[in-house]
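Structure at a glance
Letter by letter, the chains look like this.
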Amino acid sequence: MILTAILALAGGATLAPAPQSITIATDVLYTGAGEARENMLVTITDGKISAIGPGRPAGEDSLHVAAITAGMVDLSSRINSGTTSVEETHEVTPQYRVADSLDFYDQSWARQLRHGVTTVVSSPFDNNCIGGLSVALKTGGEPTIEARQVKADVALRGAFGSQPSSKNHPAFGRPTDFYSRRPTTRMGVEWIWRKAFYDALYAEGNEDRAFDGVEQLVAALNGEVPVFAQAWATQDIRTAVYLKEEMAGEGKPNMRLIIDCGAEAWRELDFLVRTKTSVVLPPFPADGRTGDGAFFAGDAAAKLHEAGVPIALSSHNSMLTGGFLGDQAAYARRGGLSFDAALAAVTITPARMIGIADRVGTIEVGKDGDLALWNGTPFELSSKVVGVVLDGELVIDPR
Amino acid sequence: MRSKAMWPARMGLAIAVFVPLAGQVVGSTPLSQDEAESTPDVYMVRAERLVVRPGQVRENASVLVRDGRIVQVGGADLALPEGATEVRGAVVCASYIDPWSALGVDSGALADTNLVGSARTADGLDLYTGDHLRDEALRAGVTLARLQAGWQGQIGGLGAVVRLDPQLDVAEEAVVTDSADLAMSIGLSVDQGSQFVQGPDGSFRIISGDRAIDVFDRVSAVDKVVSNLETGRAYRKSQLEYEHKFAEWQKAIEKKTEELEKDFKKAKKDRDKDVEKAKEKGKEHKDKSYKEDRKPKQPKPDPDKAVLAQVAEGELPLVIELHRAGEIRNLLDATKDFSRVRMILAGATEAGPMAGELASRGIPVIVWPSLRGTNAADEFQGSDLSLAATLRDAGVNVLLGSGGRDATASRDLPLLAELAIGHGLSRDDAFHALTLGAARAFGVADRVGTIELGKDADLLVLDGMPLESGSHIQYVFCGGRLAVSPN
Amino acid sequence: MMLSALLVAMAATLPGDLEGPQPVDSTGTPVEAKAIAPARATVFKAAKIYVGDGTVIENGSIVVQDGVITQVGAKVETPKGATVVEHDGAISPGLIALHSNEGAGGELLDSTREVMPEAEARHAFAPHHSDYRRARQAGITSLVLAPSSANLIGGQSAVVKTAGGKVVKPSAHLAVSVSSDALNFNRFPTSYAGAMKELNDRFSEPEGAVARAVSGALPVLVDVNDRAEIGRALGFVKKFQLKGALYGSYWAEDLAEPIKESGMAVIATPFDVGDGERQMRSIVALQKVGVRIGFGLDAPARHPHSLRLGAAMCVRAGMPADAARKALTGDAAIIAGIPGRIGRLARGLDADIVLWSGDPVALSSAVEGVYIDGKHVFGGEK
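Residues numbered from 1 in each chain as written. Chains lettered and ligands numbered in written order. Predicted model: local features only at pLDDT ≥ 70, side-chain atom pairs only at ≥ 80, totals over all residues. Heavy atoms only, no water.

For the rest of this paragraph, the subject is the overall build of chain C. When its secondary structure is counted, chain C shows nine helices and 17 strands. Pairs at least 24 residues apart make up 67% of the contacts formed inside chain C by residues separated by at least 6 positions. Just so you have it, chain C exposes about 13,800 Å², and 51% of that area is on carbon and sulfur atoms. (Helix = DSSP H or I, 4+ residues; strand = E, 2+ residues; numbered from the N terminus. Contact = heavy atoms within 4.5 Å. Areas by Shrake-Rupley, 256 points an atom, 1.4 Å probe, with all protein chains shown as cover.)

Spelled out as structure tokens, the structure:
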């Protein structure tokens, strides 16, 4: 018996009691962990994938779709409470958690869920050089952080480029407030980052030099938590990677770097490969230009993938038709990315980047029951997500 | 003319609907379009007590409503016609009128400070948004409202009395009268909002909040009212003079034409001779001009002045919003010579000391029992909840309104009335203010305000007397349509 | 369990047990309760006496002596020489406004420090300010002076009487704000992330007043605006096992069950004419599910009659009238932390009494007499 549960789109409603088990038949199953297979059944029990095997739909009324992929993962979801998610009193605030500022009644979560995105990473708004700790969470369920969180503190978020300095101003010519400070230029931004890392280096193991946030910076230096930095343009990507190399030279070779919004990463292929840097790509813009004037080539994803740079796609909480994560995969395909690479870029690769691949990203027994159900081959303009399973509950019913 | 879409088709069978007489029903619901169209438009309303007009109660009465009107009023034994729906209640009375409301005025029109006298609020209605607000007002018993655009301006244009029925989305159906009054205001500070602007040196400043209003502005505002009235008077005078002259001229033309026709032949011969003569001399012949040809000049028609003329002559009421004692004093003194003007004051927060004069001059006051805190007191003392009682005790015709600024406030008019009652106004006076008083002041008493034959069917059915704390409204008839029924 | 008003005459000269701390004046000096007239009692009679706990006594009497209620019931023993006040109308306990700023000007907001747990609102108590007169005239006999919600931890609220200068409870709640009011654009915190971390740090290693809150000795008064903030507040309260009340009720009906589970009371923000139905429905839904409700005022920005306006609007939206009356009196006293002193007409409690022309939650009822600690402070009665 399959119960239908419809998630209240305005948020806040409790779901109907979870069914014991649900089985969905599909013409093509894309597990993300091997070849695509035809005529398959996927069973989810108590929220986890329990069985995958060949089979046909049970009857007229049973769940049967054209294709199934794992629920998609968006690392750059941009769902946060805007400027109230970043503590601007200082430019370096690694100790603050964006999880404390999330609004679960925001329609954005449900919107992403409707379009097949089941796990997202929420990060502090990028007004600070180092804004704080990101969190990975599901896009549906009880409206509390405890119920939705997949993993806390998955990355240390920060930004290069022009955004962190945009609100600051020099201390002359107008009333001073705490925005009368550096940085006001890219050089200043880099200076702030480097100072934060060096302060952490000196403070490591030295109680007298401790300061608020030192723990998180040290963890980042040691590679325990990846640095997830926004860098749109070439110069910013290079700045970030140079910093990483510099820290390696200072005895911290394990620092991990994920570039967010790496629109011009396609211009720095060798550099990124050499430093083992991962890249999250922003949504494809209509005219090629993205943040900080960066030029996002149509084949950027294909080029990066071919060079061996781990890539993930993102949608920045787009509400436009044709802007959602599944559509981003379609644009990447159009630019030459293979189907399997595109699928990986919206599922298992982002999950691996932040260390939640044990739970999400592919359809394998034991992983979370998060599925995107399609009415055709995924990532084509003619197909769309018609159903979604989240933690074993059919939250959008394709029938 | 009522459109077919609005008035539902009659049912073939009589349907009797019995209302629990003592039940305290909380939360009546407005009917949907479909429900409305399937219910008949003929109702027999039976009341244990019928409040015909303020102070006049009739026991065990019946009211027959058809096609939007009250077509029969009788006793309990009035026969139920075929196709009629019966509605029973403990108390039936006229529904409430908010004589100072903003519910249904387009927000841009409401905020406009540059209106002219002939601007019609009826042209600035927004009947498409805020349906839920009109529903709420109906549920609270308020079915009619006088609406005024441009309340912050020195002139607000012509107010309209409108039916607050969300089913009415065409102005012709909703508007009861499109020239209920002309509005003016004295001493209102206009909230222009704050602006954060960058100066030439790059620094930022916050500009303004309210338009500065000082004593001199207010005095000149009173002068403006007077000069407007004088303009109106002068315009009317010049119109009358023109009409008189025109009539005289017409007479003169007739007379002269008669004269000339008598001697037509002779006149023609004379003229031909003149033409010949002129030709010989090589000159142009100029026709004889008669002084009667000079038509009297019509004064340039000016719709704004025409409205002011109506006000000056007392044909249209003049509603003036003002609050401070000084302004009220100035206004009363300055308008002593305009005895025909039918002034109505709105607000008049500090009018207490002048209550006697207001009473003797027959100037009604629309009181707004508002709950402004002292922080929002502007420069005057803030709200005075006992104002209605003070004025009424002195003999002033007191009306109660919801302030004309906030569309959502009309729903709370009965609560404001209760506040006024709690501060000394009698219940009967409050009920009068909300029904007949408001209707009379704005010239619609021939259509609404009491339960009498031929009037529009705007009725409330309650389980207790209106404006009493334990009473609940169960049914509301708005223009003969059953707009609200119990859950 | 509170005693109902059916007590039979007891020794009229003995005041009952007084719960709560010794009353102090605004400087903190203990104040002895002054007797109105030594050994002279007053008896109030009325057709309807609303006790404040939901019960009503028809044609009952209240005996007051030395500022304290000594008897309440349908039948009482009238002490010799007592003054009798026969009131044609209803009597209720004085109304209690649970969040207000009477006479305080800007003194309840220190804009230099966002965390000041030791700051006490009672130092902003100016008992002779005209705001208190206006409050009395609206039937309000006690109110909670609360630090502004613009600070993360604004200080400690105080319960004061609106006449007589008494601070009934100098430290009633610790005012905490998790709402956007506490966020600034030019000083810490600018974000919820910063705010929640600071609060977490402070409550994890608590000192002083915060330690008293964590131990349960001092209830918290948590300012919230929307559902997300209520959610965060409930998480915070649960984590540190705090008691107290939420101030703010917009959209709270979606969270009625979690609020009930948390044990927190809810103080409604003041209502105004024209406010959307949703607000009222929230309060009605909360009350229905069993959450304890009270009303806030925020005078002088709001008119004191807004307290009863809110109650009347909730009644219009479906709240039972006796629940509304309780929210203004008996339940409000529980939320304020001194149910043994104020909020009900019961033996041993302060004689804070209001004479009305009708039902207190009907806006058409007039305040005809107000007594605080047995002393006549407003109205036509002697």
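Looking only at helices and strands, chain B has twelve helices and 19 strands in total. Sorting the 487 residues of chain B into buried and exposed places 51% on the buried side. Expressed as a percentage of contacts within chain B between residues at least 6 apart in sequence, the contacts between residues at least 24 apart total 71%. When the accessible surface of chain B is totalled, it reaches about 22,600 Å², and 50% of it is carbon and sulfur. (Buried < 20%, exposed > 50% of the residue type's maximum accessible area, 1.4 Å probe, protein only.)

Tallying each qualifying case throughout the model produces 21 aromatic pairs over all chains. Aromatic side chains B:Tyr242 and B:Phe246 sit 5.7 Å apart centroid to centroid with 40 degrees between the ring planes, which places their arrangement in the tilted category. Taken together, the residues span about one helical turn, with B:Tyr242 and B:Phe246 both in helix α5 (residues 215-262) at a distance of four residues. Arranged with centres 4.7 Å apart and planes meeting at 75 degrees, the rings of C:Phe44 and C:Tyr371 form a pair that is edge-to-face. A residue pair is termed long-range when its members are at least 10 positions apart, and C:Phe44 in strand β1 (residues 41-50) and C:Tyr371 in strand β16 (residues 367-372) qualify at 327 residues. (Phe/Tyr/Trp six-rings, centres within 6.5 Å; stacked < 30°, edge-to-face > 60°.)

This part is about empty space enclosed by the protein. Residue and element names in this part refer to chain B. Applying the stated criterion to the full structure yields twelve cavities of 30 Å³ or more. Here the largest cavity defines a volume of roughly 120 Å³. Trp100, Gln148, Trp151, Ala183 and Glu321 are the residues nearest the centre of the largest cavity, which is lined by 16 residues in total. When contributions to the lining of the largest cavity are tallied by element, the ones reaching two or more residues are β7 (96-101), β10 (175-185) and β13 (318-322). Grouping the amino acids of the lining of the largest cavity by side-chain chemistry returns seven nonpolar, seven polar and two charged. (1 Å grid on protein atoms, 1.4 Å probe; cavity = no way out; pocket = protein on both sides within 12 Å on 5 of 7 lines; lining within 4 Å. Points joined across faces, edges and corners; volume = space filled by probe spheres on them. Nonpolar A, V, L, I, M, F, W, Y, C, P; charged D, E, K, R; others polar.)

The partner chain B presents 24 residues to the 24 residues of chain C that form the contact. For the pair chain C and chain B, the summed buried surface comes to about 1,900 Å²; carbon and sulfur atoms form 59% of the total. Notably, a salt bridge pairs C:Glu277 with B:Arg411, separated by 3.1 Å at the nearest N-O pair. At the level of elements, α1 (130-137), α6 (277-289) and α7 (306-316) of chain C are the ones that each hand at least two residues to the side of chain C that touches chain B. Taken together, the residues of the side of chain C that touches chain B sort by class into ten nonpolar, eight polar and six charged. (Buried area = accessible area lost by both parts, 1.4 Å probe. Salt bridge = Lys/Arg side-chain N within 4 Å of Asp/Glu carboxyl O.)

For the rest of this paragraph, the subject is α5(B). Given 3.6 residues to a turn, an α-helix orients residues that are three or four positions apart in the same direction. For α5(B), spanning 48 residues, the distance from its first C-alpha to its last is 70 Å, which sits close to the expected 70 Å at 1.5 Å a residue. When we look at burial in α5(B), the residues that qualify are B:Arg218, B:Ala221, B:Val222, B:Val225, B:Val226, B:Asn228, B:Leu229, B:Gly232, B:Tyr235, B:Arg236, B:Tyr242 and B:Trp249. (Expected span 1.5 Å × (residues − 1).)

Let us now look at the environment of A:Ala300. Along the chain, A:Ala300 turns up in helix α7 (residues 300-307). A:Ala300 sits 19 residues away from A:Leu281 along the chain, and the two C-alpha atoms are 8.7 Å apart.

Residues and elements named next belong to chain C. Cis geometry is found at the peptide bond from Phe188 to Pro189, where omega equals -10 degrees. Note that Pro189 resides in the loop between β10 (174-177) and α2 (192-204). With an omega dihedral of 0 degrees, the bond running from Ala299 to Pro300 counts as a cis peptide bond. You can see Pro300 is positioned in the loop between β14 (293-295) and α7.

If you add up the space inside the largest pocket, you get close to 1,200 Å³. If you go around the largest pocket, you meet 39 residues; those closest to its centre are A:Thr144, A:Ile145, A:Glu146, C:Gly231 and C:Gly235. Taken together, the elements giving at least two residues each to the lining of the largest pocket come down to α2 (145-148) and β8 (149-159) of chain A together with α2, α4 (227-240) and α5 (256-262) of chain C. Sorting elements by how many residues they give to the lining of the largest pocket places α4(C) first, with ten residues. Per-class residue counts for the lining of the largest pocket are 16 nonpolar, ten polar and 13 charged.

On to the nonpolar core, then. C:Leu174, C:Phe203, C:Leu246 and C:Ile259 are the most contacted members of the largest nonpolar core, which totals 111 residues. If you tally residues by element for this core, the top one is α4(C), at seven residues. Excluding its chain neighbours within four sequence positions, the residues that come into contact with C:Phe203 are C:Ile153, C:Leu174, C:Val176, C:Val210, C:Ala213, C:Val214, C:Phe236, C:Phe240 and C:Leu242. Grouped together as the second largest cluster of nonpolar side chains are 87 residues, A:Ile79, A:Ala203, A:Ile311 and A:Ala345 included. (Core = buried A, V, L, I, M, F, W, Y, C linked by side-chain atoms within 4.5 Å.)

In this section: the environment of B:Asp169. Residue and element names in this part refer to chain B. Relative to the helices and strands, Asp169 is located in the loop between β9 (155-163) and α4 (171-174). You can call Asp169 partly exposed: its relative accessible area is 35%. The spatial distance from the C-alpha of Asp169 to the C-alpha of Ser386 is 38 Å, given a sequence separation of 217 residues. Excluding anything up to four places from it in sequence, Asp169 contacts Leu127 and Tyr128.

Bringing the domain arrangement of chain C into the picture now. All names here are of chain C. Each assigned domain of chain C is listed here: domain 1 (42-94 + 345-379) and domain 2 (95-336). Between domain 1 and domain 2, the C-alpha centre-to-centre distance is 28 Å. Taken together, the 23 residues of domain 1 in the interface contact 25 residues of domain 2. Roughly 1,800 Å² of surface becomes buried between domain 1 and domain 2 when both sides are summed, with 63% attributable to carbon and sulfur atoms. The interface formed by domain 1 and domain 2 includes five salt bridges. Among the salt bridges present, the one from Asp352 reaches Lys161, with a minimum N-O distance of 3.0 Å. Taken together, domain 1 and domain 2 are joined by eleven residue pairs in polar contact (both at pLDDT 80 or more). Sorting the residues of the side of domain 1 that touches domain 2 by element identifies β15 (353-356), β16 and β17 (375-379) as the ones contributing at least two each. (Domains from an automatic or database assignment. Polar contact = N/O pair within 3.5 Å; in protein donor to acceptor, adjacent residues only side chain to side chain.)

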